[in-house]
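# An overview of the molecular structure
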Amino acid sequence: MGKKYKEITDELKAFIKAQKLFFVGTAAAEGRINVSPKGMDSLRVLDRNRIIWLNLTGSGNETAAHVRELNRMTLMFCAFEGNPLILRVYGNARVIHTHDAEWQ
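Residues numbered from 1 in each chain as written. Predicted model: local features only at pLDDT ≥ 70, side-chain atom pairs only at ≥ 80, totals over all residues. Heavy atoms only, no water.

Attention shifts here to the packing of aromatic side chains. Summed over the entire model, instances satisfying the criterion amount to 2 aromatic pairs. A ring pair is formed by Phe22 and Trp53, whose centres lie 6.3 Å apart and whose planes are at 85 degrees; its orientation type is edge-to-face. Placement of Phe22 in strand β1 (residues 21-27) and of Trp53 in strand β4 (residues 50-53) is noted, with a sequence separation of 31 residues between them. By the ring-pair criterion, three or more aromatic residues cluster together here, those being Phe22, Trp53 and Phe77. (Phe/Tyr/Trp six-rings, centres within 6.5 Å; stacked < 30°, edge-to-face > 60°. Helix = DSSP H or I, 4+ residues; strand = E, 2+ residues; numbered from the N terminus.)

This part is about the sheet that holds β1. What the 4 strands build is an open sheet, ordered β2-β1-β5-β6; its pairing is antiparallel. Taken across any chain shown, the strands that pair with only one partner, and hence form the sheet edges, are β2 (33-39) and β6 (86-92). Between one strand axis and the next, the sheet turns by 20 degrees as a mean value, whatever way the strands run. Inspection of the sheet shows β1 paired to strand β5 (residues 72-78) by 4 bridges, in the antiparallel sense. Looking across to β5, one finds that Phe22 is bridged to Phe77. (Pairing = 2+ DSSP bridges. Axes fitted to C-alpha atoms, helices over the stretch in contact; angles between N-to-C directions.)

Evaluation of the coordinates by the stated rule reveals 6 salt bridges. A salt bridge links Glu62 to Arg32, with the shortest nitrogen-to-oxygen separation between them at 3.4 Å. With Glu62 in helix α2 (residues 62-69) and Arg32 in the loop between β1 and β2, this pair connects stretches of sequence that are 30 residues apart. Relative accessible area serves as the criterion here: at 26%, Glu62 is assigned to the partly exposed category. Measuring nitrogen to oxygen at the nearest pair gives 2.9 Å for the salt bridge that ties Asp47 to Arg50. (Salt bridge = Lys/Arg side-chain N within 4 Å of Asp/Glu carboxyl O. Buried < 20%, exposed > 50% of the residue type's maximum accessible area, 1.4 Å probe, protein only.)

A word on the nonpolar core. By size, the foremost hydrophobic cluster in this structure holds 16 residues, and its most contacted members are Ile16, Phe22, Leu43, Met73, Leu75 and Phe77. Secondary structure elements with two or more residues in this core: α1 (10-18), β1, β3 (43-47) and β5. Ignoring anything within four residues of it in the chain, the contact list for Phe22 reads Ser36, Pro37, Lys38, Gly39, Ser42, Leu43, Trp53, Leu75, Met76 and Phe77. (Core = buried A, V, L, I, M, F, W, Y, C linked by side-chain atoms within 4.5 Å. Contact = heavy atoms within 4.5 Å.)

Another point: the side chain of Ser42. Note on placement: Ser42 falls in the loop between β2 and β3. Given a relative accessible area of 11%, Ser42 falls into the buried group. Engagement of the side chain of Ser42 in a polar contact is seen with the backbone oxygen of Gly39, the distance being 2.6 Å. With residues near it in sequence (within four places) discarded, Ser42 still touches Phe22, Ile52, Trp53, Leu54 and Leu56. (Polar contact = N/O pair within 3.5 Å; in protein donor to acceptor, adjacent residues only side chain to side chain.)

Without other data, these values stay purely geometric and don't point to any function.
See the structure below:
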């Protein structure tokens, strides 16, 4: 049975930081669900309830399009080495572009 956490503990933060690959899942109200592998040191845990991630688009930008319509996002981290662990982080996302004041 899985555990539920109300916040990102120091142990979970260390696990997240150690992962070279993670997955982002989004969906619009209708249509396809999008699940994409991500990595390249593009994610940071800001505090116990916030994560920031730089979306380096590749084959398209369906993730941002979904978030603009419906801001739900799931991040999934899997231990490919060491003790087995799958961690899912559920939350609300928003898109920030380079021309937005919040970018800095």
